[in-house]
Amino acid sequence: MELELWWLLGIPVFFGLGWVAARVDIRQLVSESRTLPRGYFKGLNFLLNEQPDKAIDAFIEIVRMDPESADMHFALGNLFRRRGETERAIRVHQNLLARPDLPVEQKEHAQYELGMDYLKAGLLDRAEETFNAMLHGQYAVQARKALLEIFQREKEWQRAIEAALALQEAGAGSRQKEIAQFYCELAQDALVHLHPQDALVLLEKSLQADRVNVRATMLIGDAQLAQGDVEAALLTWRRVEQISVPHTALVAQRMMDGYSKVGRAQEGVNLLKSYLEQASSIDLIEVVYKAVLELDGVGAAKQLVVDELRRTPTLLGLDKLLEARLMDAPVSVVSELSMVKNLVHGYTQKLARYQCSHCGFKARQFYWQCPGCSRWETYPPRRTEELNVMN
Ligand SMILES: [Zn+2]
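Residues numbered from 1 in each chain as written. Predicted model: local features only at pLDDT ≥ 70, side-chain atom pairs only at ≥ 80, totals over all residues. Heavy atoms only, no water.

Q: What should I look at first to understand the environment of alanine 180 in this one?
A: Mapped onto the elements, alanine 180 comes out in helix α10 (residues 176-192). Between the C-alpha atom of alanine 180 and that of isoleucine 161, which follows or precedes it by 19 residues, the distance is 8.8 Å. Leaving out residues up to four positions away in the same chain, alanine 180 has contacts with Ser206, Ala209, Asp210 and Asn213. (Helix = DSSP H or I, 4+ residues; strand = E, 2+ residues; numbered from the N terminus. Contact = heavy atoms within 4.5 Å.)

Here it is in structure tokens:
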């Protein structure tokens, strides 16, 4: 009996020990939190209350007192930049750079981030200046990549070529495909300004960078045509089929015009039909259809579309067939048929797009550089519906 009473007395003692232990923990926590600068809480409070400018001031104050807090600045600056608040991001990084005691490594990091802020804000001159000053440090490769992007945005193709070559030398992977495209851009400018000879020199360099560049091959033909040599242009354009048969769709209209010009339209039609047999393409049908219609009349054109539709049943093909059908349809069915055609046509408008294989950006026209993700040669030369049918 007495023994049990002793046990009961033990209970408050255990409670007391627990209370003491808890007090010790709380004291430790309080003393630890006191080592965090008050500015943290102030800054966080401003951030949470959607007062980012005051938050920046508070955080800058911390950095002044505590040089170790640069990482927080980088996090804050990147957060602002991602949200599109580039002015604030710039302020954060500039403040960091203004610190005289900042270690070299962090200084370069801040410089790089500031350059990226300028790039995002579209202040390309300042971005270029910032990255140009960083070509020898630890951010050299990133800076060169950023410069390459800037030159492309500014359409400074010659400088883009130099930047891409420098990146290659720095061991950042092959840029030959892009370099070939930059030469094509320069050549296209030369063609617009009626300098086909200059264009040919540039296009030869393009092919040296990338032997299987379809665009350069197409443009060489254009330059030869501009010099009045249709036969040479036709021979050049025919090389596209050796690189990629589906890409012949892009050059088909030029070829057909060329063959018509030299009085050999039938030869052109036969050639394009042979491409069609190897790789069906609605763009190619469009060109052949028009040519056959002119050469052999409605019946032959209609037959062409029917054959193609049997081989590759697409709405785009049906649309073409209805167009052909309407041409010689009896008056009694014209209104009904044109109603169906308009309906189908409405649907096919959405299917007749080109689509970037990298980011999915859809476009009515074919692009060598995607307007969505800025990558080169990411558009297959086929309409979206054809791609779906093929898959
Ligand atoms: Zn894209």
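Q: Is there a simple way to think about helix α20 (residues 331-351) in this case?
A: An α-helical turn contains 3.6 residues, so a residue and the one three or four places further along point in the same direction. With 21 residues, α20 should reach 30 Å at 1.5 Å per residue; the first-to-last C-alpha distance of 30 Å fits that figure. Residues of α20 that are buried make contact with α19 (315-327). (Expected span 1.5 Å × (residues − 1).)

Q: What is the right way to read unusual backbone geometry from this model?
A: Leaving glycine out, the prevailing phi sign among residues is negative, and the prevailing peptide bond configuration is trans. Backbone geometry at serine 374 places phi at a positive 65°, although glycine is not the residue there. Take serine 374: it is sitting in the loop between β2 (362-363) and α21 (384-390). You will see that glutamate 377, though not glycine, has its phi angle at about 55°, which is positive. The topology assignment puts glutamate 377 in the loop between β2 and α21.

Q: Help me out: how do you make sense of the UniProt feature "binding site: Fe cation" (unreviewed entry) in the chain in this one?
A: The sites that UniProt annotates as "binding site: Fe cation" (unreviewed entry) are Cys356, Cys359, Cys370 and Cys373. In summary, the annotated positions, though distributed over 18 residues, converge in three dimensions, the widest C-alpha pair being only 8.6 Å. Residue placement: cysteine 359 occurs in the loop between β1 (354-355) and β2. Excluding residues that lie within four positions of it along the chain, cysteine 359 makes contacts with Cys370, Gly372 and Cys373. With respect to the secondary-structure elements, cysteine 373 resides in the loop between β2 and α21. Residues within four places of cysteine 373 in sequence aside, it is in contact with Cys356, His358 and Cys359. (UniProt positions renumbered as here; feature names shortened; annotations may be inferred.)

Q: Which parts of the structure should I look at to understand the packing of helix α18 (residues 298-311) against α19?
A: Any two packed helices are characterised by how steeply their axes cross, that is the angle between the axes, and by the distance between the axes. Packing of α18 against α19 brings their axes to within 9 Å, and their N-to-C directions diverge by 160°. Here α18 is positioned roughly antiparallel relative to α19, judged by the angle of their axes. Judged by the sense of rotation from one axis to the other, the crossing of α18 with α19 is left-handed. Only Gly317, Leu318, Lys320, Leu321, Ala324, Arg325 and Met327 of α19 make contact with α18, whose side of the interface consists of Val298, Lys302, Val305, Val306 and Leu309. (Axes fitted to C-alpha atoms, helices over the stretch in contact; angles between N-to-C directions. Parallel < 35°, antiparallel > 145°, perpendicular 65-115°, else oblique. Left-handed = near helix turned anticlockwise from the far one by under 90°.)

Q: For this particular structure, what's the right way to read a nonpolar patch on the surface?
A: A grouping of Leu315, Leu318, Leu343 and Tyr347 is seen on the molecular surface, where their side chains present a nonpolar patch of about 380 Å² in accessible area. Breaking the nonpolar patch down by element, the ones donating at least two residues are α19 and α20. One can find leucine 343 in helix α20. Relative accessible area serves as the criterion here: at 59%, leucine 343 is assigned to the exposed category. (Patch = residues over 30% accessible without salt bridge, like charges linked within 9 Å, V, L, I, M, F, W, Y side chains within 5 Å. Areas by Shrake-Rupley, 256 points an atom, 1.4 Å probe, with all protein chains shown as cover. Salt bridge = Lys/Arg side-chain N within 4 Å of Asp/Glu carboxyl O. Buried < 20%, exposed > 50% of the residue type's maximum accessible area, 1.4 Å probe, protein only.)

Q: Explain the coordination of the zinc ion to me, please; I cannot follow it from the model alone.
A: Reference values for angles at a metal are 109.5 degrees in the four-donor tetrahedral case and 90 or 180 degrees in the six-donor octahedral case. Distances from the zinc ion to its protein donors, Cys356 (SG), Cys359 (SG), Cys370 (SG) and Cys373 (SG), fall at 2.3 Å. In this structure, the zinc ion is surrounded by four donor atoms whose angles at the metal cover 104 to 113°, and the resulting shape is tetrahedral. We note that the donor set of the zinc ion lies within a single chain, spaced as C-x2-C-x10-C-x2-C. In this pair, cysteine 359 sits in the loop between β1 and β2 while cysteine 370 sits in the loop between β2 and α21, placing the two residues 11 residues apart along the sequence. Look at cysteine 359 and you get partly exposed, because its relative accessible area is 39%. (Donors = N, O, S within 2.8 Å, 3.2 Å for Na, K, Ca; no water. Tetrahedral: all angles 85-135°; square planar, octahedral: opposite > 155°, others 65-115°.)

Q: It is not clear to me how the nonpolar core should be interpreted in this structure. Could you clarify?
A: Considering soluble globular proteins, one finds that nonpolar side chains tend to be buried as a cluster. Counting 90 residues, the largest nonpolar core has Phe131, Phe182, Leu203, Met255 and Leu272 as its most contacted members. Residues lining this core come from more than one domain, with at least three contributed by each of domain 2 (68-173) and domain 3 (175-243). Grouped together as the second largest cluster of nonpolar side chains are nine residues, Ile62, Met72, Leu76 and Phe80 included. (Core = buried A, V, L, I, M, F, W, Y, C linked by side-chain atoms within 4.5 Å. Domains from an automatic or database assignment.)

Q: Whenever I open this one, the environment of glutamine 365 confuses me. Can you help?
A: With respect to the secondary-structure elements, glutamine 365 resides in the loop between β2 and α21. Overall, the relative accessible area of 48% leaves glutamine 365 in the partly exposed class. Spatially, the C-alpha atom of glutamine 365 lies 9.6 Å from that of glutamine 355, the residues being 10 residues apart in sequence.

Q: I tried to follow the packing of helix α4 (residues 70-82) against helix α6 (residues 104-121) on my own but got confused; where do I start?
A: Between α4 and α6, the shortest axis-to-axis distance is 11 Å and the interhelical angle comes to 10°. As summarised for this structure, α4 and α6 are arranged roughly parallel, according to the angle between their axes. Taking contact as the criterion, the partners of Ala70, Asp71, Phe74, Asn78, Arg81 and Arg82 in α4 are, on α6, Gln106, His109, Ala110, Glu113, Met116, Asp117 and Lys120. Tallied by class, residues from the contact of α4 with α6 come to four nonpolar, three polar and six charged. (Nonpolar A, V, L, I, M, F, W, Y, C, P; charged D, E, K, R; others polar.)

Q: What am I meant to see in the side chain of histidine 247 here?
A: Positionally, histidine 247 belongs in the loop between α14 (240-243) and α15 (248-261). A distance of 2.6 Å separates polar atoms of two side chains, one belonging to histidine 247 and the other to serine 244. Every residue in contact with histidine 247, bar those within four places of it in the chain, is listed here: Val214, Val240, Trp368 and Pro381. (Polar contact = N/O pair within 3.5 Å; in protein donor to acceptor, adjacent residues only side chain to side chain.)

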